[in-house]
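Reading the structure
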Amino acid sequence: MKPLIGIACSIEESGFTVGTDYARAVHSSGGIPVALPPVIADELVPELLERLDGLLLSGGDDVDPVHYGEEILPENGQLEPERDRVELALAREALRRGVPILGICRGMQVLNVAAGGSLYQDIPSQTSTRLQHRQRAPRWYATHGITIRPASVLAAAFGVTATRVNSFHHQAVRRVAPGFAVTAQAPDGIIEGIEAEGHPFAVGVQWHPECLFERDPLQAALFRAFIAAAERRSAARAGAGEDAV
Ligand code: MN
């Protein structure tokens with residue numbers, strides 16, 4: 001069976017939306033994408049993750065700084081309290097259960113906060129970087145370099161330790177969560193990738209691979225590595241089910 005990948009929805013005026021690019025990236029990498037609307041009660045999160053083989057935390061608005069113990073600054077952006085609640089609960093439970101997680105942009109930030117890390121609420125006003133992280137270029141175009149830690153899930157997927165990525169963020173990981181390692185950094189030191197140590201696949205990336213994967217084989221390989229981890233979970237669960245019978 002193909003692995004079932006839950007994708008966190010964004011909140012639009014018209015309703016809850018799964019980004020087209022996320023769904024297409026999961027589908028073309030061999031997964032079955034399903035939408036996770038931000039209405040799920042906390043007590044249903046374990047039951048939901050019992051049925052999913054992978055969790056994709058998508059991009060979106062800013063995480064409420066209250067979740068990492070800070071008061072909100074003027075430069076912090078739009079909040080989505082329903083998404084924060086559901087996605088933090090999903091991230092914590094998926095980390096606990098070993099469900100493969102790919103956190104993209106906001107999703108990487110949610111992953112870090114869920115595990116006890118913090119964020120820069122606003123890169124331009126809280127750091128001295130002169131690198132442009134809110135690119136003014138098409139979404140499929142890579143505008144800055146990153147270096148990748150050799151011993152990482154990310155490096156294993158990419159097969160290289162440097163590449164270029166797109167960039168659509170004004171926040172970034174500040175204090176890395178306990179149990180996580182930094183796996184990618186921009187030339188200015190801004191953290192662009194993290195992963196949980198000792199977890200089958202809990203990878204966060206600050207860029208948007210779903211906008212690059214059709215043109216960049218490295219980003220396609222990242223999605224394939226995520227889906228492969230979900231396939232292993234799916235197979236292991238099927239095996240456990242047979243044992244129970
Ligand atoms: Mn960036």
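Rules used throughout
- Residues numbered from 1 in each chain as written.
- Predicted model: local features only at pLDDT ≥ 70, side-chain atom pairs only at ≥ 80, totals over all residues.
- Heavy atoms only, no water.
- Helix = DSSP H or I, 4+ residues; strand = E, 2+ residues; numbered from the N terminus.
- Rg over C-alpha atoms; globule rule 2.2 N^0.38 Å.
- Buried < 20%, exposed > 50% of the residue type's maximum accessible area, 1.4 Å probe, protein only.
- Contact = heavy atoms within 4.5 Å.
- Donors = N, O, S within 2.8 Å, 3.2 Å for Na, K, Ca; no water.
- 1 Å grid on protein atoms, 1.4 Å probe; cavity = no way out; pocket = protein on both sides within 12 Å on 5 of 7 lines; lining within 4 Å.
- Points joined across faces, edges and corners; volume = space filled by probe spheres on them.
- Nonpolar A, V, L, I, M, F, W, Y, C, P; charged D, E, K, R; others polar.
- Core = buried A, V, L, I, M, F, W, Y, C linked by side-chain atoms within 4.5 Å.
- Pairing = 2+ DSSP bridges.
- Arc of directions from axis to C-beta.
- Phe/Tyr/Trp six-rings, centres within 6.5 Å; stacked < 30°, edge-to-face > 60°.

Next up on the list: the overall build of the protein. Scanning the protein for helices and strands turns up seven helices and 13 strands. Its C-alpha radius of gyration of 17 Å places the protein within 12% of the 18 Å reference for a compact globule of 245 residues. Its C-alpha atoms put the protein at 60 × 40 × 35 Å along the principal axes. Within the protein, buried positions represent 53% of all 245 residues. The long-range fraction of contacts in the protein, counting pairs at least 24 apart against all pairs at least 6 apart in sequence, stands at 70%.

A word on the coordination of the manganese ion. The coordination sphere of the manganese ion, as far as protein atoms go, consists of His-133 (ND1), His-144 (NE2), Ser-167 (OG), His-169 (NE2) and Glu-192 (OE), spread over 2.3 Å. Sequence positions of the donors to the manganese ion reduce to the motif H-x10-H-x22-S-x1-H-x22-E. With His-133 in the loop between helix H5 (123–126) and strand S8 (144–148) and Glu-192 in strand S12 (residues 191–196), the pair connects residues that are 59 residues apart, well separated along the chain. Taking relative accessible area as the criterion, His-133 reaches 5% and is therefore assigned buried. We classify Glu-192 as buried; its relative accessible area is 0%.

We now examine the layout of surface pockets. Approximately 360 Å³ is the volume found for the largest pocket. The wall of the largest pocket is formed by 22 residues, among which Gly-59, Gly-60, Cys-105, Phe-168 and His-208 lie closest to the centre. Taken together, the elements giving at least two residues each to the lining of the largest pocket come down to helix H1 (20–28) and helix H4 (106–114). With three residues, the top contributor of residues to the lining of the largest pocket is H1. Split by residue class, the lining of the largest pocket holds four nonpolar, eleven polar and seven charged. In this model, the second largest pocket occupies a volume close to 170 Å³. Per-element accounting of the lining of the second largest pocket gives the leading share, four residues, to helix H7 (residues 217–244). A breakdown of the residues in the lining of the second largest pocket according to their chemical character gives five nonpolar, one polar and four charged.

Moving on, we come to the nonpolar core. Counting residues in hydrophobic clusters, the biggest one holds 32 residues, and the most contacted among them are Leu-56, Leu-102, Ile-104, Leu-154, Phe-201, Trp-207 and Leu-222. Elements with a contribution of two residues or more to this core: strand S1 (4–8), H1, strand S6 (101–104), S8, helix H6 (153–158), strand S13 (202–205) and H7. When residues no more than four places from it in sequence are discounted, the contact partners of Leu-56 are Ile-5, Gly-6, Ile-7, Ala-8, Tyr-22, Val-26, Leu-102, Ile-104, Phe-223 and Phe-226. Formed by 31 residues, the second largest nonpolar core is a distinct cluster that contains Leu-36, Ala-91, Ile-101 and Phe-180.

On to the pairing of S12, then. Across the six residues that make up S12, a large majority, six, are buried. Following strand S11 (residues 180–185), the chain reverses through five residues before pairing antiparallel with S12; Gly-189 in that reversal takes a positive phi of roughly 90°.

Turning to the environment of Leu-222, a few remarks are in order. With respect to the secondary-structure elements, Leu-222 resides in helix H7. Separated by 13 residues in sequence, Leu-222 and Pro-209 have C-alpha atoms that sit 8.0 Å apart. When residues no more than four places from it in sequence are discounted, the contact partners of Leu-222 are Leu-102, Leu-154, Ala-157, Phe-158, Phe-201, Val-203, Val-205 and Pro-209.

To continue, consider H1. Buried within H1 are the following residues: Tyr-22, Ala-25 and Val-26. Here the buried residues of H1 occupy an arc of 95° about the axis, which is enough to place them on one side. Exposed and facing more than 90 degrees away from the buried side of H1 are Thr-20, His-27 and Ser-28. Just downstream of H1, Gly-30 is the residue with a positive phi angle, here 105°.

What follows deals with the packing of aromatic side chains. Overall, the coordinates contain four aromatic pairs when judged by the stated rule. Ring geometry for Trp-140 versus Tyr-141: centroids 6.0 Å apart, planes at 85°, classification edge-to-face. Classification of Trp-140 by relative accessible area gives partly exposed; the value is 41%. Seen from their ring centres, Phe-213 and Phe-223 are 5.9 Å apart, and the 65° between their planes marks the pair as edge-to-face. Note that Phe-213 is positioned in the loop between S13 and H7 and Phe-223 in helix H7, a separation of ten residues in sequence.

Geometric descriptors of this kind do not, in isolation, establish any biological role.
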